Amino acid sequence: MAPPTLPARERLVLELLLDGPDFGLNLVARSDGALKRGTVYVTLGRMERKGFITSEQEPQLPGAIGLPRRIYRVTPLGKRALRAWATLVRALAPEHGT
Amino acid sequence: MTRPPGTRLGRLVRPWLPATVSVDVLDPAIADLQYEAEHARTTTERRQAILRGHVAIVRALVLSVEPGRAIRPAVALFALCGMGTLLVTTARGAHVEGRLLSSALLTPVMVAPAVLRLLGTMSSRRLFAGSLLVAMLTTVLTGGFGVNAGGGFWTDLRHFVVALILFTPMAAAVAIVVGRHQDGLSKRAVTAVFFGSGVATMAVLLARWPQGEPLSIRLAMTPFFVALFAVLFTLTLLPSLLVARIFVVRPGALAIVALACSPVTLIAGAYIDHGTVAACLYALRHTPLSVAAWSVPFLAGALAVGWRLPPSHTSQSRYYRS
């Protein structure tokens, strides 16, 4: 099986989720324009299938109308992938003075 | 009670989406849209949130389409359109009779759901959409709607509406039979009608055997006869049988009821075949044997429809109680 890839957008989502579980719309707001509303749900869905994040429905208050929001949190695999990526970036970075 | 924003869009697109896209993309997007709209401070903000949310949902859904999965069905549908166009054009060029021409147009419509099903499409709605798309595209490509004929706008529109009215029930019926449709009354009724139409068509083709018509011509007319009998049985036989199944339990008895109702189908068929009531009566008076032979497919088909139509639960429970 091919190892899971970690594109820039997914890294950003993981970094944002390291601060704590959050909703898709809040991730867009916190990304300073790096994440778009039209793409964030597709990215989140893909990351969930990869096992980097997990999600659950927000508990709905009695009398609330509409669909419950989905809250996303990072999984241990997601954290490891982000750490591995950071290690890789450090390893490939040019050393000072060379 | 006010409907939360996005509900209608969700209801509209959800049946067409794979379950994963619905759960991973559509539902969270709608939920966030509703949250944002609910927490907007002003009406303008709320409107902007709803507009932004809808645009985002549409964009997310477009991005969710996996091209790899859509390519094979798309290629198959276009190939069927091409095949239909070729058949109809050849039939027109050869100046064949109307029944063969209709069969050329109906073949891709009837085959499309089966091909899509083989390629992994299970939803009846998608099979229906594919079949209807093939029908309308083939009509366009063969010069319908003035593409080659140069008719006016209103003529084209009229042709389009007529084609839509003709093809929609056919595409829906084939999609219900082929698709993984819920095994309810609609599926059973449509299946029964198609079974009866198949039996009647076989009887027609066999009846033409002694006339020395080539087998290939007879087989080529199959789609026309299946469609014709399906329409006749649906309009004349099915309503009475749907009422009868409430009281009749046994398939054999329901088949006899269908046989008793078949004169209505016969009269409708005779009217289509002869054009006027006077011509029907003339044929009945002067060539009774021929008319009797002609009516055999109708009777056989009616029997088959009645046999295949399941009795209602009410009549079954009443039967088992007694």
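Residues numbered from 1 in each chain as written. Chains lettered and ligands numbered in written order. Predicted model: local features only at pLDDT ≥ 70, side-chain atom pairs only at ≥ 80, totals over all residues.

(A) Inspection of the overall build of chain B at higher detail. Looking only at helices and strands, chain B has 14 helices and 0 strands in total. Buried residues in chain B amount to 37% of all 322 residues. At a minimum sequence separation of 6, the contacts of chain B that also span at least 24 residues come to 74%. (Helix = DSSP H or I, 4+ residues; strand = E, 2+ residues; numbered from the N terminus. Buried ≥ 20, exposed ≤ 12 C-beta atoms within 10 Å, placed from the backbone. Contact = placed C-beta atoms within 7 Å.)

(B) Examining the nonpolar core more closely. Counting residues in each nonpolar core, the largest one holds 67 residues, and the members touching the most others are B:Val109, B:Ala171, B:Val193, B:Leu241, B:Ala258 and B:Val305. The biggest single contributor to this core is helix 10 (residues 222-247) of chain B, with 13 residues. Here this core spans two domains, and each of domain 2 (68-178) and domain 3 (185-321) of chain B adds at least three residues to it. Setting aside its immediate chain neighbours within four residues, B:Val193 contacts B:Ala230, B:Phe233, B:Thr234, B:Leu238 and B:Val305. Within the second largest apolar cluster, 34 residues are counted, among which are A:Leu27, A:Leu82, B:Ala31 and B:Ala60. (Core = buried A, V, L, I, M, F, W, Y, C linked by C-beta atoms within 7 Å. Domains from an automatic or database assignment.)

(C) The arrangement of the confidence of the model for chain B in detail. All names here are of chain B. Scored by pLDDT, chain B has a mean of 82; 91% of the residues are at 70 or more. In the model of chain B, helix 14 (residues 313-321) stands out as the element of lowest mean pLDDT, 62, in contrast to helix 2 (residues 19-38), which has the highest, 89. The ipTM, which scores confidence in the relative placement of chains, is 0.86 for this predicted complex, and the corresponding pTM is 0.62. (pLDDT = per-residue confidence, 0-100.)

(D) Representation of the sheet that holds strand 1 (residues 22-23) of chain A in the model. All names here are of chain A. Read across the open sheet, the 3 strands follow the order 1-3-2; overall the sheet is antiparallel. Only two strands of the sheet have a single neighbouring strand rather than two, namely strand 1 and strand 2 (53-57). On top of the sheet, helix 3 (residues 37-50) reaches strand 2 and strand 3 (70-74); it is set at about 115° to strand 2, its chief contact. (Pairing = 2+ DSSP bridges. Axes fitted to C-alpha atoms, helices over the stretch in contact; angles between N-to-C directions.)

(E) Looking closely at the confidence of the model for chain A. Per-chain confidence: chain A averages 86 in pLDDT, with 92% of residues scoring 70 or above. At the level of individual helices and strands, chain A shows its lowest average pLDDT in helix 4 (residues 76-92) of chain A, which scores 89, and its highest in strand 3 of chain A, which scores 94.

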